[in-house]
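Structure assessment
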Amino acid sequence: MPDVVTQIMPWRHLTIESWKNLTIPLWNPYSFSGTPHLANYQSAAFSITNLFFFIFNFNNAWGLAVLIQPLLAGIFMFIFARSLKISVTGSLVASISFMFSGFIATWMSWPTLSLAISFLPLALFSIEKYFELKKPLFLLILFISIPLSFFSGHFQTSLYLLIFTVLFLFFKLIETKNVNAFMHSFIFVILGILSSSIQLIPSIELYQNASRSLLFQKINAIPFYHLATIISPDFYGNPVTRNNLLGHYIEWNMFTGVTTFFLSIYAISLKSKKTIFFMLMALLSLALSLDTPIVDAFINLKIPVLSTSSLSRILCLFSFSISILAAYGIDKIKNDLELKNYKILTFWIISILVLISILWIYVLGKFINPDFTLIAKRNLILPSVLSFGLIFSVLIGIKKELLKVAFIIVILFVIFDMLRFATKWQPFESKELAYIEAPIIKELKKLDKNYRIFTPFGEEGSVYFNLQSTEGYDPLYIKRYGEFSKSLSEGKLIDADRLGAYLPREGKYFPKIIDSLGIKYILQKKSDIGKSWAFNFNSYPKNKFKLIYSDNDFQIFKNLEALPKAYLVGEYVIETDSQRILDKMFDENFDFKKSVVLEKDPKIKMGEGSLRKAEIIEYSPSKILLNVNLSDNSILVISDNYYPGWIAKVNGNETEIIRANYTFRAVPIPAGKNNVEIIYKPLSFKMGTVISIVSITTAILILVIKWYNLHAWILDKLKTAKLAIKSSAKNVNGKQTKKKR
């Protein structure tokens, strides 16, 4: 699970650090030479689980954030199943199956995806109950469940939740013909989405500025032969046992339990509107995850996010639907046993035996790749035993006095099946081993913060320990920076990489730009010396680097010619064409220490003054303060990424920031002593905040009005009832008086 260590945990650590310092975590200066942080959806800046980090230390809070996901999914699924009038037994089956399903269990270490989908049953519960009882409380729950998901840290999963919720809402309209309940619920779904704008709008802005927005391609579509893993999750092996030689175990995991799956098949016999709805959702989500022409057509629609992300993650809806169908299935089996309706039961048992037999024929008949035969055999034994155990348990229930025992055994099978699967996958390590501040980290933290470090590690070192780096691993990063890093190889404009930006060590133009990027320190593993991926010191003059630290494992070299992150030049060139900008930058006569390529006229007359001094007074993630002293007009170059929302003030007067050297920032500075302030105040965040506040206020006002109307209606009914009682009492007294006379 490298992404958890190299991305998710460091990003959450930066988020929590910022909140604890009473600052909004808008910007990350430690990756990609600066990149948006809050807008990077997986930073989960507003996740409900962030509350743990203010109560417990980071490692304990992280553990709670991970473990609460299946707990919430299980609780919400149970109450949703009960709202559908499913029995306690069926609701337990649905709850256990969903909370430890393949999607939730395998993604649980990322406290984002599983958390995002765990609020789906809560949203559906609120809709079901509102249609039934018309109480404003359930509109409130619906309203809250939407942003709780969208704030969880994974937009794609939350989008699936939203789609499923809206489809269920339309289903309820068709089922009940209750237009008023539909409209009320739909309005609160919209308000829930709008209340998430504080996260959504900055993220949409970043998505538009990232290379990911243009990469429409089929990613992780599941081949048909992988359907065997619905019954046997480890049919093709498991990464935990290091024998998973085929496919992507996490992305392709469609397991909800062999017992659960066969119970869901029985629900087909119900033919109720609700079971048909969940069957269609299960089939649709499965179809959209498989490698079929349907998926090709879907990708060609070029739908943002859905057509640029891993297709198989829609399996979260498959897992959810199968879990609910299993609940309906076990209730139907119980009912059929009580009514002695054995026809469907017989057909169901035969179906189980046929499916298990097909899998064994597939394995033993050598239809499977020989490399997987032994793995498949071993991992098909337990599902087969559980299948026969399920059949045996149900047959026990034919005897009326053993019916309860039979279903207790079925529940135990479900618990065993799901817990075995989840605990096998989920790793546990001592919290003391997480992000140990090793001696080399302590040395790196002592270095001058006005420069960057070129390291062999990723965000697990740079972001977590606040060490500024030029590289990064993330699908959402500034496209221009990715193009810039790729151009260093041959000087040509090339599309950015999909998952990150890495400066090519052997790139033709890397030595030319290393100083202007503020890379003053080079960290090298001694074990990497001489390897192709190591920093090649032989490409540079001998006196350029100086060894300043060495231990048994690492060396730190100092670049004696590195420019600080903010420096001044007296010349500029204006160019707007992307390739020509790169051509000018990589021209052998171009000197980054003297000149800069701008994309806009700074409208300032340059001089040849000898005094050019820029001193960084404060450098925080979203704010830079400098004292600049000049004998003539100059251009202040900042080797942080240009991005909408950054504003500059020179002596209190707002000054335009110009994109420079393809992807960086420049500010024209007049002669004399100047106080320069560069702040990140994105309009997208301001807009999102306003929309969120207005949406929350609107929802509260509507709920108050509805509650007041309901309260008035109840009081009116009570008053009417009271008058009726009084009137009845008077009539009784009148009759008694007449009798006495």
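Data block above holds the structure.
Here is a short report on the structure shown in this document. (Residues numbered from 1 in each chain as written. Predicted model: local features only at pLDDT ≥ 70, side-chain atom pairs only at ≥ 80, totals over all residues. Heavy atoms only, no water.)

1. Re the pairing of strand β6 (residues 519-525)
Among the seven residues that make up β6, six are buried, leaving the element largely enclosed by the rest of the structure. Both β6 and strand β8 (residues 554-559) contribute to a ladder of five bridges, which runs antiparallel. Looking across to β8, one finds that Leu523 is bridged to Ile556. (Buried < 20%, exposed > 50% of the residue type's maximum accessible area, 1.4 Å probe, protein only. Helix = DSSP H or I, 4+ residues; strand = E, 2+ residues; numbered from the N terminus. Pairing = 2+ DSSP bridges.)

2. Topic: the sheet that holds β6
Spatially, β3-β6-β8-β7 is the arrangement adopted by the four strands of the open sheet, whose pairing is mixed. In this open sheet, the two edge strands, each paired with only one partner strand, are β3 (452-454) and β7 (545-550). The average undirected angle you get between the axes of adjacent strands in this sheet is 30 degrees. Bridge analysis of β3 against β6 gives three bridges, and the strand direction is parallel. Bridge pairing in β6 places Ile453 opposite Tyr521. (Axes fitted to C-alpha atoms, helices over the stretch in contact; angles between N-to-C directions.)

3. Digging into the pattern of salt bridges
Where charged atoms from two side chains of opposite charge approach closely, those side chains can pair. Applying the stated criterion to the full structure yields 20 salt bridges. Across the pair Lys600 and Glu656 runs a salt bridge whose closest N-O atoms are separated by 2.7 Å. With a gap of 56 residues between them, Lys600 in the loop between β11 (595-598) and β12 (612-620) and Glu656 in the loop between β16 (653-655) and β17 (658-660) connect regions that are remote in the sequence. Using a relative accessible area of 42% as the deciding quantity, one classes Glu656 as partly exposed. The network of salt bridges with common partners includes Glu128, Lys172, Glu175 and Lys274. (Salt bridge = Lys/Arg side-chain N within 4 Å of Asp/Glu carboxyl O.)

4. Considerations on the pairing of β12
Bridge analysis of β12 against strand β13 (residues 623-630) gives eight bridges, and the strand direction is antiparallel. The residue of β13 that forms the bridge with Lys613 is Asn629. Where β12 hands over to β13, the hairpin turn is made up of two residues, counted between the paired strands.

5. Notes on a nonpolar patch on the surface
Side chains of Phe54, Ile55, Phe56 and Leu64 sit close together on the surface and give an oily, nonpolar patch of about 390 Å² of accessible area. Tracing the backbone through its elements, the reader meets Phe56 in the loop between β2 (35-36) and α2 (58-83). Residue classification places Phe56 among the partly exposed residues on the basis of a relative accessible area of 37%. (Patch = residues over 30% accessible without salt bridge, like charges linked within 9 Å, V, L, I, M, F, W, Y side chains within 5 Å. Areas by Shrake-Rupley, 256 points an atom, 1.4 Å probe, with all protein chains shown as cover.)

6. Section: the environment of Thr15
Mapped onto the fold, Thr15 is located in helix α1 (residues 2-20). Separated by 410 residues in the primary sequence, Thr15 and Trp425 have C-alpha atoms spaced 28 Å apart.

7. Side note on the packing of helix α11 (residues 258-266) against helix α14 (residues 315-338)
Direction vectors running N to C along α11 and α14 enclose 65 degrees, while the axes themselves pass 6 Å from each other. In the crossing of α11 with α14, the sense of the turn from one axis to the other is left-handed. In this structure, α11 contributes Thr260, Phe261, Leu263, Ser264 and Tyr266 to the contact, and α14 contributes Ile322, Ser323, Leu325, Ala326, Gly329, Ile330, Lys332, Ile333 and Asp336. In terms of residue class, the contact of α11 with α14 is made up of eight nonpolar, four polar and two charged. (Left-handed = near helix turned anticlockwise from the far one by under 90°. Contact = heavy atoms within 4.5 Å. Nonpolar A, V, L, I, M, F, W, Y, C, P; charged D, E, K, R; others polar.)

8. Structural notes on the sheet that holds strand β15 (residues 646-650)
Read from one edge to the other, the open sheet built from five strands follows the order β12-β13-β19-β15-β16, with strand pairing classed as antiparallel. The open sheet terminates on both sides in strands that have one partner only, identified here as β12 and β16. Geometrically, the sheet is characterised by an average inter-axis angle of 25 degrees between neighbouring strands, direction not taken into account. In this structure, β13 lies alongside strand β19 (residues 672-680), joined through eight bridges in antiparallel fashion. The residue of β19 that forms the bridge with Val628 is Asn674.

9. Focus: the packing of aromatic side chains
Applying the stated criterion across every chain, the model contains 57 aromatic pairs. On the numbers, 5.3 Å between centres and 90 degrees between planes, the contact of Tyr266 with Trp348 is edge-to-face. Within this pair, whereas Tyr266 is found in helix α11, its partner Trp348 is found in helix α15 (residues 342-364), the two being separated by 82 residues in sequence. Here Tyr266 matches Trp348 in class, with each residue buried. Relative to Phe535, the ring of Phe454 lies with its centre 5.7 Å away and its plane at 65 degrees, an arrangement referred to as edge-to-face. Residue Phe454 is located in strand β3, and its partner Phe535 is located in the loop between β6 and β7; the two are separated by 81 residues in the primary sequence. Across the ring face of Tyr662, the terminal group of Arg480 is positioned such that the distance to the ring centre comes to 3.8 Å. (Phe/Tyr/Trp six-rings, centres within 6.5 Å; stacked < 30°, edge-to-face > 60°. Lys NZ or Arg CZ within 6 Å of the ring centre and 35° of its normal.)

10. Let's talk about helix α12 (residues 273-287)
Between the first and last C-alpha of α12 there are 21 Å, a value that for 15 residues agrees with the 21 Å anticipated at 1.5 Å per step. Those residues of α12 that fall on the buried side of the exposure criterion are Lys274, Thr275, Phe277, Phe278, Met279, Met281, Ala282, Ser285 and Leu286. Where α12 is buried, its residues meet α2, α6 (120-133), α8 (155-176) and α14. (Expected span 1.5 Å × (residues − 1).)

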